[in-house]
Amino acid sequence: MLPKTILASLTSFLFLLGCTPSVMSLKPEETKNIEPIGLYIIASSQLEDNNDYLHKDFTISTASIFIPKFFKFKGYEMKLLNPGLPTDRVFEKKFGTFNIDEKIIAQFARKENCSTFLIVYYAYTGDQQSLIDGLNMYSNCSLYGWLINSKDAGLISSSHSVLSSINTNYGGLPFGIPPGINKKDYQNFLENIAMEMFKPFPSKPK
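Here the structure is a predicted model, which is why all the values come from computation and not from measurement. (Residues numbered from 1 in each chain as written. Predicted model: local features only at pLDDT ≥ 70, side-chain atom pairs only at ≥ 80, totals over all residues. Heavy atoms only, no water.)

Undergrad: Explain the overall build of the chain residue by residue, including any values.
TA: If you tally the helices and strands in the chain, you get five helices and nine strands. Going residue by residue from the N terminus, the α and β elements of the chain occur as β-α-β-α-β-β-β-α-β-β-β-β-α-α. For the chain, restricting intrachain contacts to residue pairs at least 6 apart in sequence, the fraction spanning at least 24 positions comes to 73%. When the accessible area of the chain is evaluated, it comes to approximately 10,200 Å², of which 55% is carbon and sulfur surface. (Helix = DSSP H or I, 4+ residues; strand = E, 2+ residues; numbered from the N terminus. Contact = heavy atoms within 4.5 Å. Areas by Shrake-Rupley, 256 points an atom, 1.4 Å probe, with all protein chains shown as cover.)

Undergrad: Would you mind going over unusual backbone geometry in detail, with residue names and values included?
TA: Look at the link from E35 to P36: it is a cis peptide, with omega at -15 degrees. Its location among the elements puts P36 in the loop between α1 (13-18) and β2 (37-45). With an omega of -20 degrees, the peptide bond between Q46 and L47 qualifies as cis. By the element assignment, L47 lies in the loop between β2 and α2 (53-73). Although it is not a glycine, N33 sits at a positive phi angle of roughly 65 degrees. For N113, which is not glycine, the phi dihedral falls at a positive 60 degrees. As for its position among the elements, N113 is in the loop between α3 (102-111) and β6 (116-130). For N113, a relative accessible area of 58% puts it in the exposed group. (Buried < 20%, exposed > 50% of the residue type's maximum accessible area, 1.4 Å probe, protein only.)

Undergrad: Can you break down the pattern of salt bridges residue by residue, with the values?
TA: This model, assessed by the stated rule, comprises five salt bridges. E35 is the partner of K204 in a salt bridge, and the nearest nitrogen-oxygen pair spans 2.7 Å. Linking K204 in the segment after α5 (183-198) with E35 in the loop between α1 and β2, this pair joins segments that are 169 residues apart in sequence. Note on K204: relative accessible area 39%, which makes it partly exposed. For E35, a relative accessible area of 22% puts it in the partly exposed group. A salt bridge links E92 to K94; the nearest nitrogen and oxygen atoms lie 3.6 Å apart. (Salt bridge = Lys/Arg side-chain N within 4 Å of Asp/Glu carboxyl O.)

Undergrad: Tell me about the environment of T31, and name the residues and values.
TA: Note on placement: T31 falls in the loop between α1 and β2. T31 gets classed as buried once you look at its relative accessible area, which sits at 6%. On a C-alpha basis, the gap between T31 and S203 in space is 8.6 Å, while along the polypeptide they are 172 residues apart. Every residue in contact with T31, bar those within four places of it in the chain, is listed here: L26, Y76, P202 and P205. There is a polar contact of 2.5 Å between the side chain of T31 and the backbone oxygen of P28. (Polar contact = N/O pair within 3.5 Å; in protein donor to acceptor, adjacent residues only side chain to side chain.)

Undergrad: Tell me what's going on with α3, and back it up with residues and numbers.
TA: When α3 is considered as a whole, its buried residues turn out to be E102, I104, I105, A106, F108 and A109. In this structure, the buried residues of α3 make contact with β2, β5 (97-100), β6 and β7 (136-149). One side-chain oxygen at the N-terminal end of α3 lies 3.1 Å from the backbone nitrogen of K103; it belongs to D101. Of the residues trailing α3, N113 is marked for its positive phi of about 60 degrees.

Undergrad: Just give me the short version of α5, but keep the residues and values in it.
TA: One full turn of an α-helix is made of 3.6 residues, so residues set three or four places apart face in the same direction. Its 16 residues give α5 an end-to-end C-alpha distance of 23 Å, which sits within 8% of 22 Å, the value for a rise of 1.5 Å per residue. Those residues of α5 that fall on the buried side of the exposure criterion are D185, Y186, Q187, F189, L190, E191, I193, A194, M197 and F198. Packing partners of the buried residues in α5 comprise α2, β6, β7, β8 (155-160), β9 (164-165) and α4 (166-169). Taking the backbone nitrogen of K184 as reference, a side-chain oxygen 3.1 Å away marks N182 as the first, capping residue of α5. (Expected span 1.5 Å × (residues − 1).)

Have a look at this one:
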C-alpha cells in the first residue's frame, strides 16, 4: 500500500497553480545516519504520460548530474539508483494520478548500501517547442521530492513546488517559452527548480 505522499492526484492545471509550495529541509540532528543517499529520478508529462522518452532521458540525465553535485557541495555522499532500476517497475501514470512504489526502490537502495533514498519527480506540461535534435521543451514543470528511509520505506521528509514556468525563469510571464531558448537554457531551468526545492537542506554537520 502506497503512502498518501506518493499516491498523488494532479487533477488540473489550476489546482497545481494553487498549491502551497514546500521545500525540503531537515533539522541538523536529523541528518545523522542518512548516508549514502540513493537518488532516483522520475519524469513524465501531466495529466497523462505522453511517453516522450527523449525528454524523460534528458530530464533524468540532467538531474542525475546536477543533484548529486548539489548534495556533494552540502557534504553528502549520493548514489544513483536509476541505472539499476527501470522506471516502469516503480512508476505508474494514469490520468490525473501517479503511483510510485517506494518499497521496491527501498529494497534496491538497501542492496546498494544506501541508508536513505531521495525520489525526485519532474512533472512537466504546457507549451512545447522542439529543438533541432528532436528534444521537446515544455513551458511548465512541477517538482516533487521524498526522502525515505531505506530500512523500512518510512518517509523522512517531503516537498513539492507549484507549477514553475521557464518564461518566468527568464523574466517573462508565467506561460509560454521565451524566444531563443536553447538546450542549455532549458537544462538550467530544470536545475533551478531542484535548487530552489533543496536549497534549505542543511549542510552536513562537521
